[in-house]
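Read off the chains here:
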Amino acid sequence: MGDSDSEGSDGEGGMGNVSRVIIRPPGVSGKAKRGQICFDAAFETGNLGKANLIGDFEYDLFLRPDTCNPRYRFWFNFTVDNVKQDQKVIFNLVNISKSRNLFNSGLTPLVKSSSRPKWQRLPKKHVFYYRSPHHQNHYVLSFVFCFDKEDDVYQFALAPPYSYSRLQSYLNVIENRQNQAEKKFTKSVLTKSLQNRNVDLITIDHVTGKLKTNRIDRSFIRVIVILCRSHANASPASFMCQGFLEFLLSSHNIAKILRENFVFKIVPMVNPDGVFLGNNRCNLIGQDMNRVWQVATEFSHPEIYAIKNMLREIDNSDSYQIDFVVDLHAHTSLHGCFIYGNTYEDVYRYERHLVFPRLFAGNAPDYAANNMIFNADEKKSGCARRFCCERLSDTVNAYTLEISMGGHYLKDGKTVAAYTEEGYYRCGRNLARTFLQYYRFINVLPVPLPTEVRQKKRRPRTHQSRSRSKTRYEVKPRPKTTRCYAPISYTNLSICYDSGGSSDEGGFSPTRTVAPGSSHFSGYRNYRRVASSTTIPSTSSQQHQQTHDQFALLRIKSGRFDLAHDPLLHDYCGKTKSQSPEKQTRFEVPVNVPPKPYLSIIDLNQLTRGSLKMKSASFED
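Cut-offs used in this document
Residues numbered from 1 in each chain as written. Predicted model: local features only at pLDDT ≥ 70, side-chain atom pairs only at ≥ 80, totals over all residues. Heavy atoms only, no water. UniProt positions renumbered as here; feature names shortened; annotations may be inferred. Helix = DSSP H or I, 4+ residues; strand = E, 2+ residues; numbered from the N terminus. Buried < 20%, exposed > 50% of the residue type's maximum accessible area, 1.4 Å probe, protein only. Contact = heavy atoms within 4.5 Å. Expected span 1.5 Å × (residues − 1). Pairing = 2+ DSSP bridges. Axes fitted to C-alpha atoms, helices over the stretch in contact; angles between N-to-C directions. Polar contact = N/O pair within 3.5 Å; in protein donor to acceptor, adjacent residues only side chain to side chain.

An unreviewed UniProt entry lists the protein chain under the name Cytosolic carboxypeptidase 6-like isoform X2, with Musca domestica as the source organism. Word for word, the UniProt comment on the protein chain under Cofactor (unreviewed entry) is "Zn(2+)".

S.K.: What am I meant to see in the UniProt feature "active site" (unreviewed entry) in the protein chain here?
M.R.: Listed under "active site" (unreviewed entry) in the UniProt record, and renumbered for this structure, are Glu 402. By the secondary structure assignment, Glu 402 is in strand β20 (residues 397-404). Of the residues examined, Glu 402 reaches a relative accessible area of 8% and is grouped as buried. Once you skip the residues sitting within four places of it in the chain, Glu 402 turns out to touch His 329, Ala 330, His 331, Gly 336, Cys 337, Phe 338 and Tyr 340.

S.K.: When you look at helix α9 (residues 421-441) in this model, what are you seeing that I'm missing?
M.R.: Structurally, the α-helix is built with 3.6 residues per turn, so residues lying three or four positions apart point the same way. In a regular helix each residue adds 1.5 Å, so 21 residues correspond to 30 Å; α9 covers 31 Å between its end C-alpha atoms and thus fits that length. Extensive coverage of α9 is indicated by the burial of 16 of its 21 residues. Where α9 terminates, the next one or two residues include Asn 443, which has phi positive at roughly 70°.

S.K.: Please explain the sheet that holds strand β11 (residues 138-147) as it appears in this structure.
M.R.: Two modes of strand pairing occur in sheets, parallel and antiparallel, and in both the strands are linked by backbone hydrogen bonds. The sheet built from five strands is open, its strands ordered β4-β5-β7-β11-β10 with mixed pairing. On the outer flanks of this sheet lie β4 (50-53) and β10 (127-132), each paired with one strand and no other. When the angles between neighbouring strand axes are averaged without regard to direction, this sheet yields 25°. Here strand β7 (residues 87-96) runs beside β11; their pairing, made up of eight bridges, is antiparallel. The residue bridging Lys 88 from the neighbouring strand is Cys 146, located in β11.

S.K.: Just to check I follow, could you spell out unusual backbone geometry for this structure?
M.R.: A negative phi angle characterises most non-glycine residues, just as the trans form characterises most peptide bonds. The phi dihedral of Thr 45 falls on the positive side, at around 70°, and the residue is not glycine. Its place among the elements puts Thr 45 in the loop between β3 (38-40) and β4. Residue classification places Thr 45 among the buried positions, given a relative accessible area of 5%.

S.K.: Please explain the pairing of strand β5 (residues 58-62) as it appears in this structure.
M.R.: Bridging between β4 and β5 involves four bridges; their strand directions are antiparallel. Bridge assignment links Asn 52 to a residue of β5, and that residue is Asp 60. The antiparallel pairing of β4 with β5 creates a hairpin that spans four residues between the two strands. Pairing between β5 and β7: four bridges, direction parallel.

S.K.: I'm lost on the side chain of Thr 400 in this one. Help?
M.R.: Secondary-structure assignment places Thr 400 in strand β20. Since its relative accessible area comes to 5%, Thr 400 is described here as buried. Those residues in contact with Thr 400 that sit more than four places away from it in its chain are Asp 327, His 329, Phe 338, Ile 339, Tyr 340 and Arg 385.

S.K.: Could you clarify how one ought to interpret the pairing of strand β15 (residues 221-228) in this entry?
M.R.: The side chains of a regular strand alternate, residue by residue, between the two faces of the sheet. Counting buried positions over the eight residues of β15 gives eight, a clear majority of the element. Both faces of β15 are covered, namely the face carrying Ile 221, Val 223, Val 225 and Leu 227 and the face carrying Arg 222, Ile 224, Ile 226 and Cys 228. Pairing geometry for β15 and strand β17 (residues 320-331), over eight bridges, is parallel. Following the sheet pairing, Val 225 is matched in β17 by Val 325. As defined by bridge partners, β15 adjoins strand β16 (residues 262-267) across six bridges and the pair is classed as parallel. Bridge pairing in β16 links Leu 227 to Val 267.

S.K.: Sorry if this is basic, but what is going on with the side chain of Asn 283 here?
M.R.: Residue placement: Asn 283 occurs in the loop between α4 (272-277) and α5 (302-315). Within the structure, Asn 283 has its side chain in polar contact with the backbone nitrogen of Gln 287 (distance 2.8 Å). Aside from chain neighbours lying at most four places away, what touches Asn 283 is Thr 67, Leu 194, Asn 271, Gly 274, Met 289, Ser 300 and His 301.

Have a look at this one:
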């Protein structure tokens with residue numbers, strides 16, 4: 001049925017993909033004519049193993065499985081040329097291995113051409129997904145297409161491809177674009193893959209030297225780690241990572257605050273070999289890179305092995321603390337963006353673990369809360385999320401952030417809006433904004449006053465006002481309504497975090513030991529054990545519990561503090577109200593951010609019940 005006009009594609013670029021294969025009708029030979037379609041997938045991220053002509057206008061296409069692993073067959077990316085004007089064809093992808101996917105829920109393939117380089121989805125009425133008895137009851141994806149330009153080269157793909165070469169070009173562009181005198185990031189090679197490709201590490205560290213002390217003084221530097229592209233088919237995750245990186249390197253106020261207070265470690269492509277070869281999930285040797293974290297070795301999984309060493313080194317440092325490890329993925333069977341988290345026996349750690357997903361849900365209009373899962377599934381013990389929460393310190397929050405390859409539901413809950421590249425970029429920007437809200441919520445960063453929030457830009461009055469209508473309409477006054485805020489309640493447990501357990505400031509796991517070669521105050525928060533030996537006077541602790549509510553989040557947002565009528569608060573001169581009655585005034589400007597609570601915890605159950613509204617203007621920057 002098919003003859004090739006070139007050599008086989010057994011080289012590194014093809015790995016079994018078709019390479020310039022022209023499909024001729026039976027009994028036809030010689031030079032190819034217009035309409036005898038030529039298939040090609042021997043390029044980076046390409047995947048198409050075989051093409052057969054089964055009718056005048058119908059082709060059976062076979063996907064190439066992952067290298068060294070025949071189990072996974074879902075990603076496809078191939079080109080078609082040598083077509084005829086207004087030629088109509090039917091393509092059947094006949095060996096898809098994943099039965100549960102978004103093709104049942106409206107997902108359609110993408111197409112672009114040389115004259116129209118923007119990706120577009122095929123109409124749903126032209127796409128069919130069914131189980132075919134003629135193909136051993138395998139699931140078949142069939143779609144109809146009409147070629148309207150003879151000279152164009154058409155490309156079909158499951159999702160917008162994001163190749164290894166594109167990542168290298170993008171990193172070189174932003175590296176050359178930044179000011180050499182004031183670099184916003186540094187790029188380094190964390191390790192080499194099995195096929196000698198770079199595993200890049202982007203480091204953003206602008207924390208001043210004064211803050212770089214040690215954990216004994218509780219002024220350690222917080223580190224946020226972002227991992228991406230463990231699975232080769234998760235190209236939407238790369239767009240999301242690029243949107244996150246672009247926002248973080250921009251001149252936006254939120255980006256400046258994040259760069260000045262936190263260190264970011266970003267690995268934009270964990271599996272470069274699988275991405276280059278056009279695999280669905282695995283690397284070169286057929287290993288799922290998000291299932292081997294507990295058994296990764298230097299020889300079979302050098303990428304995961306190097307990332308694990310980096311995480312352990314930061315976690316054992318005396319000056320750094322890992323707060324987040326976020327692994328970016330793309331989902332093939334669910335809509336929207338959502339987060340997978342962990343479960344913990346420590347109920348307080350579990351409640352703190354729920355805060356970030358709740359804040360992210362308020363930032364992302366495409367967030368699908370119904371798809372969010374928190375578990376400790378043994379089948380996924382080798383993924384990054386499970387490994388980081390079990391092997392690293394108790395302060396680490398490890399999540400898997402998923403975004404759909406298809407689309408997200410609109411407000412009506414029925415209509416699905418397809419994702420574009422801009423939609424993936426926007427999700428990355430929302431992730432960066434959520435980090436700022438989280439650290440303001442736990443009082444690591446100060447919450448600005450409403451007067452400090454950027455005012456909306458009004459149109460300059462440089463033009464003449466429009467003539468008003470002579471007809472006057474009566475404007476009814478707006479009815480006065482009371483606005484009640486949902487308070488953040490504090491539950492007094494009469495325990496000190498420094499005496500054990502885990503907290504937002506840190507804690508230690510009683511069963512863990514210090515890593516070899518680390519100091520006495522390094523590793524898994526061993527300084528907590530030293531702190532637990534000290535006692536706190538009862539009078540000062542009681543006063544701290546009573547006065548901390550004066551700096552609750554909602555009072556900070558409202559910006560109104562009545563220090564004069566509070567007998568327990570001190571003025572700026574260190575005198576109480578009874579000692580200096582002449583200084584009993586109202587302050588519209590708040591005092592500095594209060595110290596983090598030692599003897600109280602936030603009742604985070606209100607977050608899951610939806611009583612906390614994170615829509616205040618205080619979080620706008």
